[in-house]
Amino acid sequence: MTAESFIRGMTRAAKQAAASDVAYHMAGIAGYTDLHGTGQPGSVAKATEFSGLSAPDPHTLKVKLSAPDCEFDRKTLQPVMSPVPKNAGDAANKAFNDAPVGNGPFKLEGGWRHDQGITLVRNDSYFGDKAYLDKVELTILPSQDAAEAEYRGAQSNQFDYARIPPALIPQAKATYEPKHGFISKLSYGINYLLVNVVNPPLNSPDARKAISLAIDRDAIIDGVFKGFQTKATSIIPPPLKAYYQPTVCDVCDKPDLGRAKALAASGGLPPGTKVSLAFNTGGGHEAWVQAIGQELEKNLGLKVDLQPSPFAELLKKEKADNASGLFRAGWSADYPSAENFLFPLLSKHSLPPGDNRGRYVNERFDDLLAQARKAPTEGARANLIKEAERQAIGTDMALIPLWYRSQYRVFEASKWAGVSLDFFENPSLATIHQK
Amino acid sequence: MVLVLFGASLILFVALFILPGDPIGTAAGSERARDPAVRAVLEKRYALDKPLPVQYVRYVSRLVRGDLGESYRQRQPVSRVLRGRFGATAELALAAILLEVIIGLAAGIIAAVFRYSFWDVAVTLTTTLAIGVPTYVGGSILQGIFAQKLGWFPRSGRAGFSSIVLPALTLASVDAALVARLMRGTMLEVLRADYVRTAMAKGLSKRTVILKHVLRNSVIPVVTYLGIAFGTLLGGALITEQIFNWDGIGLALVTAITAQDNPIIIAVVTYGVAAFVIVNLVVDIAYAYLDPRIRLE
């Protein structure tokens, strides 16, 4: 493996014909658009080489960025920047895609057995700390009902590690925590209400703050989630310690009906106003969305129009020019980065077709983010990012945080130790060892 | 038969085209809107930028070469996505048909032979219940009792003989009940027929008469029914596979519908229609065997 292996892998994934959904992680590297295309009608990719990547010698990979980005090192965490061997061919090469070779702590044995599973064996020539396990069997379950099947499989000792269907989390905790086999972790994600800030009735910060103050997050977490969620009072979540501001959203903490009503009056949200609350079906969101709808009706006298639809339809509604009101939304960071919560969701550069579907645009906010990208030190960057969050959330309430993303898992603690969740919410296979 | 298949695929194509939605608007398994460059490539690759008639001609010309296209979601050839799943559904359907025949015939015969007895009433009651309760409810109840509470069978999934019992029973329940009723009705009719009375008058035992004369003649309508019921069986497989997480084409179809994965939807339905046509052909042939009058000279 040489620096060329990385160039090969990154070029392979970024090429237009690869149509890769994860290629955008490399968008900051010079020459990306020439290779990947822009999607504009009639535009074609101009290059077949990644002009920003070069290898002066086999042990040095030189990356030229199209704009300063002091978080680029974190983006390299993405598997899309993995090296590939010479025989990988292009992205359509099924033979390699079914039996890929990388540089991780494990190797694939026997290729990808579609719809059945994969077998991993330890890579003894791994450059880092070697894994303890000789072999890992991963079973692929039909996506329908998979969490349930995993959890039942764990209970019957078919699996040593499993996710938990939401309804069974309390039971799983009661069963597995005494045996030290219960994992509970806040991950790099946030659940929130996306708000259309352009069209009435929620086009003023006061109106949005009134909505936030009228929602009793604690009551919903206790009632609907049986306590297995953590109230969000910021959009940058706690695991990003240097950036986390627990009080940035002062209207997210406790409901305050007096203040909510006053803000609703000044924000053009009088009782009787019709507010739509759209959400996607099939994700288990019905109960809490209904609870929020009821609270808004009861506390602010609004007429809440619940709009369930399939996920693709929800996205379409959010993107429509005449979109208005509230939309259920969630976001998981691509890398452990605070900016990755602000830029994609709230920057003017991310307006549709990007993910800023609430269409929040604020010059000061965009300016702060741009400065943060160029900040010379981590401390300076953190200050700028925090200031940007205070602007977008504290002052403008551009979206309404609800709860942070929590993850729960069970594992067979009588046999295994060293089990934790990595950034991608996968088990840390390389650190797991026998008890 | 070929005409039927083309007709089915055309109707589906138009229907899927008219439906609202955006099959490649979101990245698989993500809340993220798709990168416009990726979107443009995929729309071109799947010819979604072309008008419907062009898309259809492209589809059919590939179909005759045995190419079903590529799944939008998994970016794998449809044939590969569905390969193992046909076997799974066929396994389930065969087990269900077997159960239908065994349970249905046995119950029907008992009810007819011992007419108005306790057993007859019991069969009538059970079949009414089986026909009346929707598959989804019935299956969930079976799952709740025999898998969750008693733990006799696996709750879901496909692994070994014990895992097929509950899904097959669920799938077979309605048709088994209908078969039992049909069998009872036709058998009672045949029992009253002149040739049966003649056979009895000749002094043959009741047992011989039933086995030699009655059964064969009563079973013909049941065979016809099983052929037609194959269609409902496929429909029932959708629900059953969902309840028991049985990884067949029914589950693949449900997943494809929620994901708007049109190539999979079209392929599964076209195959379903083909299977239906073939099964009915087999039924026609079976007639000739059972009833010499319709045998070809």
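Residues numbered from 1 in each chain as written. Chains lettered and ligands numbered in written order. Predicted model: local features only at pLDDT ≥ 70, side-chain atom pairs only at ≥ 80, totals over all residues.

(A) Region of the structure containing the overall build of chain B. If you tally the helices and strands in chain B, you get 11 helices and zero strands. Reading chain B from its N terminus to its C terminus gives the helix and strand order α-α-α-α-α-α-α-α-α-α-α. In terms of overall dimensions, chain B has a C-alpha envelope of 85 × 55 × 30 Å along the principal axes. Going through the 297 residues of chain B one by one, you find that 35% of them count as buried. Summarising the internal contacts of chain B: among those between residues at least 6 apart in sequence, 71% fall at separations of at least 24. (Helix = DSSP H or I, 4+ residues; strand = E, 2+ residues; numbered from the N terminus. Buried ≥ 20, exposed ≤ 12 C-beta atoms within 10 Å, placed from the backbone. Contact = placed C-beta atoms within 7 Å.)

(B) Structural detail: the overall build of chain A. Helix and strand counts for chain A come out as 14 helices and 14 strands. Here the C-alpha coordinates of chain A stretch approximately 65 × 55 × 40 Å along the principal axes. Considering chain A as a whole, with its 435 residues, one finds that 36% of them fall into the buried category. Partitioning the contacts of chain A with sequence separation of at least 6, the portion at a separation of at least 24 is 64%.

(C) View of the interface of chain B and chain A. The interface is formed by 30 residues belonging to chain B together with 29 residues belonging to chain A. Contributing elements (two or more residues each) for the side of chain B that touches chain A: helix 2 (36-45), helix 4 (78-113) and helix 10 (249-259) of chain B. The biggest single contributor to the side of chain B that touches chain A is helix 2 of chain B, with seven residues. A per-class count over the side of chain B that touches chain A returns 10 nonpolar, 11 polar and nine charged. (Nonpolar A, V, L, I, M, F, W, Y, C, P; charged D, E, K, R; others polar.)

(D) Spatial organisation of the domain arrangement of chain A. What the domain assignment reports for chain A is domain 1 (3-96), domain 2 (122-182 + 409-434) and domain 3 (186-406). For domain 1 of chain A and domain 2 of chain A, the distance between their C-alpha centroids amounts to 33 Å. (Domains from an automatic or database assignment.)

(E) Structural context of unusual backbone geometry. Residue and element names in this part refer to chain A. Following Pro-200, the chain continues to Pro-201 via a peptide bond in cis, the omega torsion being 10 degrees. With respect to the element layout, Pro-201 can be found in the loop between strand 7 (182-195) and helix 7 (205-213). Positive phi is not limited to glycine here, since Ala-19 has a value of about 45 degrees. Its location among the elements puts Ala-19 in the loop between helix 1 (3-14) and helix 2 (32-36).

(F) Representation of helix 9 (residues 206-244) of chain B. Residues and elements named next belong to chain B. Counted at 1.5 Å a residue, the expected span for helix 9 with its 39 residues is 57 Å, but the 44 Å between its end C-alpha atoms falls short. Taking the largest bend as the criterion, helix 9 deviates by roughly 45 degrees, centred on Val-214. Two residues or fewer after helix 9 comes Asn-245, characterised by a positive phi angle close to 55 degrees. (Expected span 1.5 Å × (residues − 1). Bend = angle between axes of the 7 residues up to and from the residue.)

(G) Region of the structure containing the nonpolar core. One finds A:Tyr192, A:Leu193, A:Ala210, A:Phe341, A:Leu342, A:Ala388 and A:Leu399 to be the most contacted residues of the largest nonpolar core, which totals 69 residues. Here this core gets six residues from one element, more than from any other, and that element is strand 7 of chain A. Aside from chain neighbours lying at most four places away, what touches A:Ala210 is A:Ala260, A:Leu263, A:Ala264, A:Gly267, A:Leu269 and A:Leu300. Membership of the second largest hydrophobic core comes to 58 residues, among which are B:Ala168, B:Ile210, B:Val219 and B:Leu233. (Core = buried A, V, L, I, M, F, W, Y, C linked by C-beta atoms within 7 Å.)

(H) Focus on the sheet that holds strand 4 (residues 117-122) of chain A. Residues and elements named next belong to chain A. With antiparallel pairing, three strands are arranged side by side in an open sheet as 3-4-5. Two strands lie at the open edges of the sheet, namely strand 3 (106-113) and strand 5 (135-139), each paired on one side alone. With direction set aside, neighbouring strand axes in the sheet form an average angle of 15 degrees. Two elements, strand 3 and strand 4, share five bridges in a ladder whose sense is antiparallel. (Pairing = 2+ DSSP bridges. Axes fitted to C-alpha atoms, helices over the stretch in contact; angles between N-to-C directions.)

(I) Region of the structure containing the environment of A:Val419. Residue and element names in this part refer to chain A. Note that Val-419 resides in the loop between strand 13 (416-417) and strand 14 (433-434). Its 21 C-beta neighbours within 10 Å are what place Val-419 among the buried residues. A sequence separation of 14 residues divides Val-419 from His-433, and the C-alpha atoms of the two residues are 8.1 Å apart. Beyond its immediate sequence surroundings of up to four residues, Val-419 is in contact with Tyr-161, Ile-183, Phe-411, Pro-427, Ser-428 and Ile-432.

(J) Here's a closer look at the packing of helix 6 (residues 135-149) of chain B against helix 7 (residues 162-191) of chain B. Residue and element names in this part refer to chain B. Between helix 6 and helix 7, whose axes approach to 9 Å, the crossing angle comes to 145 degrees. Our pair here, helix 6 against helix 7, has a crossing hand that is right-handed. Seen from helix 6, the contacting residues are Thr-135, Gly-138, Gly-139, Leu-142, Gln-143, Phe-146 and Ala-147; seen from helix 7, they are Leu-166, Leu-169, Thr-170, Ser-173 and Val-174. Residue composition of the contact of helix 6 with helix 7, by class: six nonpolar, six polar and no charged. (Left-handed = near helix turned anticlockwise from the far one by under 90°.)

(K) Region of the structure containing the pairing of strand 9 (residues 274-280) of chain A. Where burial is concerned, most of strand 9 of chain A is hidden: five out of the seven residues are buried. A crossover links strand 9 of chain A with its parallel partner strand 10 (residues 303-309) of chain A, the connecting element being helix 10 (residues 286-300) of chain A, and its sense is right-handed. (Right-handed = clockwise from strand over helix to strand, strands pointing away.)

(L) Just helix 12 (residues 339-346) of chain A, in detail. Burial of helix 12 of chain A is extensive: seven of the eight residues sit out of reach of the surface. In this structure, the buried side of helix 12 of chain A is in contact with strand 7, strand 11 (326-332), helix 13 (363-374), helix 14 (378-395) and strand 12 (399-411) of chain A.

(M) Representation of the packing of helix 12 of chain A against helix 14 of chain A in the model. Residue and element names in this part refer to chain A. At their nearest, the axes of helix 12 and helix 14 sit 10 Å apart, and the two run at 40 degrees to each other. When the axes of helix 12 and helix 14 are compared, the pair comes out oblique. Every pair of crossing elements has a handedness; the one defined by helix 12 and helix 14 is left-handed. Contacts from Glu-339, Leu-342 and Leu-346 in helix 12 reach Ile-385, Ala-388, Glu-389 and Ala-392 in helix 14. Tallied by class, the residues present in the contact of helix 12 with helix 14 amount to five nonpolar, no polar and two charged. (Parallel < 35°, antiparallel > 145°, perpendicular 65-115°, else oblique.)

(N) Region of the structure containing the environment of B:Thr127. Residues and elements named next belong to chain B. Relative to the helices and strands, Thr-127 resides in helix 5 (residues 118-132). Given 23 C-beta atoms within a 10 Å radius, Thr-127 is considered buried. Residues Thr-127 and Ala-180, 53 residues apart in the sequence, show an inter-C-alpha distance of 7.6 Å. Thr-127 has contacts with Ala-177, Ala-180 and Arg-181, leaving out every residue within four places of it along the chain.

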